[in-house]
Amino acid sequence: MFRRRCRTCTASTSCAAFLASVLALFALPTGSSNWQTQLTNDIEEIRRNANLPSIGFALVIGNTPVLTAAVGRSNIAETISATADTPYLMASVSKTFVATALMQMIDTASTTSGMSSLSININDPVNKHLPWKLDNPLIVGRINDAGDKKVIRITHLVSHTSGIRDRWIWGNEPGKPDSLYFPGDSPITLDEMMRGYFLPGGKWYNARGNFQPKRPGKNYQYSNFNADLVGYLVETVTGIQLRDYSRMKLFEPLGMTNSGWRLADFANQSLIAMPYMSYLPLYDGSENQRPRPYGQFGYPDYPSGMLRSSPADVAEY
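Computed from a predicted structure; not experimentally measured.

**Q** What's the story with the pairing of strand 2 (residues 64-75) in this structure? I'm lost.
**A** Note: strand 1 (residues 54-61) against strand 2, 8 bridges, orientation antiparallel. Across the sheet, I61 pairs through a bridge with T64, a residue of strand 2. Counted along the chain from strand 1 to the antiparallel partner strand 2, the turn is 2 residues long, and its residue G62 has a positive phi close to 65 degrees. Pairing analysis gives 2 bridges linking strand 2 to strand 3 (residues 80-81), with the strands arranged antiparallel.

So this is what it looks like as structure tokens:
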């Protein structure tokens, strides 16, 4: 299945890079003068043994990036070598950027447009900042009463205790009928997706499928839609799309020049690491288990997993 808890993990994502760098560090000899070369070689060996197209990685000690690099090819067919500046699909690591944007917005407590000030708090009801009403129909209570136990708050979204759950609506591979994985960027907006999933009568609405019969704050259940709603809140509060807010408030100040939420954010898309289907951990070395390219894709609820970023950029983050 293509999309699971970490919905966009493929053979070229940073999940494998993180694992590889951690494993390699255990073998790093203390005081070695060529430790960077040795670490890179160790990660390359892991890449070959696992039959991964490439691994991008970064090592930060304190606040200082001491190594940013990549091994393998970011595109096998085009024989493009991966580098520290190669953007990789970050999958659920994207959620940390959404949370950072939210907390930055709460800290400043004002819109980025400068036209007005707006108070926002982590304990605010989500509905205070939505242009429509979010309501779990499986819970009795009053969503218009800020003190009611039925009310979903921002803190419930970031702690995955909102009572919202994922229902499989995305289909399978990009380009397939009824799939919400689109070749290229998604033509469906985040606003359309949020309304369609959470409002009765919406295209993807299902009361028992989209919600738990649990009061907010009472039960932990990981949900991508929690992160999607947080990203959506950034947009509704600031009046600026998350992709633009991230660029202005996160990427540009940190010098992250190879990061973006949509393919359209990149001037040269051919340099983005190609997503591949991997057979890990079942790879047996056979020809029919070679990594298979998916092609670049996007889906509507992008805050939960569609950030692309390079090892060098992540090291600055």
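**Q** What exactly am I supposed to notice about the side chain of S92 here?
**A** Within the secondary structure layout, S92 lies in the loop between strand 4 (88-89) and helix 3 (94-108). Here the side chain of S92 touches K95 through a polar contact of 2.9 Å, side chain to side chain.

**Q** Honestly, the packing of aromatic side chains in this entry has me stumped. Any pointers?
**A** Describing an aromatic ring pair means giving the distance of the ring centres and the angle of the ring planes. One pass over the full model with this rule turns up 13 aromatic pairs. Taking the centre distance of 5.8 Å and the plane angle of 80 degrees together, the rings of Y181 and F297 count as edge-to-face. Taken as a pair, Y181 in the loop between helix 4 (154-158) and strand 5 (182-183) and F297 in strand 8 (residues 297-298) lie far apart in primary sequence, 116 residues in all. The burial state of Y181 is the same as that of F297; both residues are buried. The interplanar angle of 80 degrees and the centroid separation of 5.1 Å between the aromatic rings of Y197 and F198 together place this pair among those described as edge-to-face. Taking the relative accessible area as the measure of exposure, F198 reaches 1% and is therefore buried. A connected cluster of aromatic rings, assembled from ring pairs, spans W132, W168, W170, Y197, F198, F211, F225 and Y232. Over the ring of Y294 we find R292; its NZ or CZ atom is 5.5 Å from the centre of that ring.

**Q** Can you walk me through helix 7 (residues 224-238) in this structure?
**A** Along an α-helix, a turn takes 3.6 residues, which lines up residues three or four apart on a common side. With 15 residues, helix 7 should cover 21 Å at 1.5 Å per step; its first-to-last C-alpha distance of 22 Å lies within 8% of that length. Among the 15 residues of helix 7, 14 are classified as buried, and the element is accordingly described as predominantly covered. Between a side-chain oxygen at the N-terminus of helix 7 and the backbone nitrogen of F225 the separation is 3.2 Å; the capping residue is S223. Positioned one or two residues after helix 7, G239 has a phi angle of 75 degrees, which is positive.

Calculation notes
Residues numbered from 1 in each chain as written. Predicted model: local features only at pLDDT ≥ 70, side-chain atom pairs only at ≥ 80, totals over all residues. Heavy atoms only, no water. Pairing = 2+ DSSP bridges. Helix = DSSP H or I, 4+ residues; strand = E, 2+ residues; numbered from the N terminus. Polar contact = N/O pair within 3.5 Å; in protein donor to acceptor, adjacent residues only side chain to side chain. Phe/Tyr/Trp six-rings, centres within 6.5 Å; stacked < 30°, edge-to-face > 60°. Buried < 20%, exposed > 50% of the residue type's maximum accessible area, 1.4 Å probe, protein only. Lys NZ or Arg CZ within 6 Å of the ring centre and 35° of its normal. Expected span 1.5 Å × (residues − 1).

Function cannot be read off these values alone, since they describe shape.
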